[in-house]
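Residues per chain are reported as follows:
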Amino acid sequence: MQHWLMKSEADCYSIDDLKQDKKTLWTEVRNYQARNFMRDMQVGDIVLFYHSNGGAATGIVGEVRVSKVGVVDPTQFDAASEYYDAKASKGKPRWECVEVQFVKKYENPILLSELKAKKQYQDMIVTQPGNRLSITPVKRKHFDLISKVGS
DNA sequence: GCCAACGTTGGC
DNA sequence: GCCAACGTTGGC
């Protein structure tokens, strides 16, 4: 089993939204690196849920579980969607996604400022300057630490 | 709201 | 296949 981190702006789709929905399709990713990481995911993998672009509240706010993999992202075929991709077809889809389920919301979210301040987190991808990737792999040691501190 | 970083597009 | 222009992300 592997661990991951997925970003979402809280205004757009927050951990509370997922708690309510119970599960959701992680659609609208239009970055090949992020898509490829989703392809590497397996059912049962645990993902750290990160609120991006949230000022002082930016950080890891909970955990979700991968419940389906290899789902074709339907928004790529929707001409009305801002995520429509004219180069994708049903026979040759470009974008795929996973389904995730709510696991838990942290009592103590781990803020980005804290991740950056503590040396044990400094080799995480999310703390690298200029990092914009919305889906990244997370090492076991980092996951265990964050899960313990956050829960 | 600014801007640095960086991914994508398209002309050549 | 290079690279300039452009768009987007996301921290600050």
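Refer to the structure above for everything that follows.
Residues numbered from 1 in each chain as written. Chains lettered and ligands numbered in written order. Predicted model: local features only at pLDDT ≥ 70, side-chain atom pairs only at ≥ 80, totals over all residues. Heavy atoms only, no water.

### Remarks on the packing of aromatic side chains
Right, so step 1: Under the defined criterion, the tally for this structure stands at three aromatic pairs.
Right, so step 2: Relative to Phe 49, the ring of Trp 26 has its centre 5.7 Å away and its plane inclined at 85 degrees; by these criteria the two rings are edge-to-face. Remark: Phe 49 occurs in strand β3 (residues 46-52) and Trp 26 occurs in the loop between β2 (23-25) and α2 (32-40); sequence separation between them is 23 residues. Each member of the pair, Trp 26 together with Phe 49, is buried. (Phe/Tyr/Trp six-rings, centres within 6.5 Å; stacked < 30°, edge-to-face > 60°. Helix = DSSP H or I, 4+ residues; strand = E, 2+ residues; numbered from the N terminus. Buried < 20%, exposed > 50% of the residue type's maximum accessible area, 1.4 Å probe, protein only.)

### Comments concerning the sheet that holds strand β1 (residues 3-9)
Right, so step 1: Across the sheet, which stays open at both edges, the six strands sit in the order β2-β5-β4-β3-β1-β6 with mixed pairing between neighbours. Across the chains shown, the open sheet's two edge strands, defined by having one partner strand only, are β2 and β6 (135-138). For this sheet, the mean inter-axis angle between neighbouring strands, taken without regard to orientation, is 35 degrees.
Right, so step 2: Across three bridges, β2 lies against strand β5 (residues 96-111) in antiparallel orientation. Paired with Thr 24 across the two strands is Val 100, which belongs to β5.
Right, so step 3: Across the face of the sheet, helix α4 (residues 140-150) comes into contact with β1, β3, β4 (59-72), β5 and β6 while running at roughly 55 degrees to β5. (Pairing = 2+ DSSP bridges. Axes fitted to C-alpha atoms, helices over the stretch in contact; angles between N-to-C directions. Contact = heavy atoms within 4.5 Å.)

### Quick notes on the protein's contact with DNA strand C
Right, so step 1: As a structural note, the neighbourhood of DNA strand C is formed by Lys 7, Tyr 50, Ser 52, Asn 53, Thr 58, Leu 112, Lys 116, Asn 131 and Arg 132.
Right, so step 2: One nitrogen or oxygen atom from the side chain of Arg 132 is found 2.5 Å from a base oxygen belonging to DNA strand C.
Right, so step 3: Of all the secondary-structure elements, those providing two or more residues to the surface near DNA strand C are β3 and α3 (112-117). (Near = heavy atom within 4 Å. Polar contact = N/O pair within 3.5 Å; in protein donor to acceptor, adjacent residues only side chain to side chain.)

### What about the nonpolar core?
Right, so step 1: In this structure, Trp 26, Met 38, Met 41, Phe 49 and Ile 135 are the most contacted members of the largest nonpolar core, which totals 22 residues.
Right, so step 2: Sorting the residues of this core by element identifies β1, α1 (15-21), α2, β3, β4 and β5 as the ones contributing at least two each.
Right, so step 3: Counting residues per element, this core draws most heavily on β4, which supplies four residues.
Right, so step 4: The residues contacting Phe 49, other than those within four sequence positions of it, are Met 6, Ser 8, Tyr 13, Ser 14, Ile 15, Leu 18, Trp 26, Gly 59, Ile 60, Val 61, Gly 62 and Val 64.
Right, so step 5: Core analysis: the next-biggest nonpolar cluster, separate from the first, contains 15 residues, Leu 48, Ile 60, Tyr 106 and Ile 110 among them. (Core = buried A, V, L, I, M, F, W, Y, C linked by side-chain atoms within 4.5 Å.)

### Notes on the protein's contact with DNA strand B
Right, so step 1: The local shell around DNA strand B consists of Asn 31, Tyr 32, Gly 130 and Arg 132.
Right, so step 2: At a separation of 2.8 Å, a base oxygen of DNA strand B approaches a polar side-chain atom of Arg 132.

### What to know about α4
Residues lying three or four places apart along an α-helix face the same way, a consequence of the helix completing one turn every 3.6 residues.
Right, so step 1: Along α4, the residues that are buried comprise His 142, Phe 143, Ile 146, Ser 147 and Gly 150. The arc enclosing the buried residues of α4, seen along the axis, measures out at 125 degrees, which places them on a common side. In α4, the exposed positions that point more than 90 degrees away from the buried face belong to Arg 140, Lys 141 and Lys 148.
Right, so step 2: Where the residues of α4 are buried, they touch β1, β3, β4, β5, α3 and β6. (Arc of directions from axis to C-beta.)

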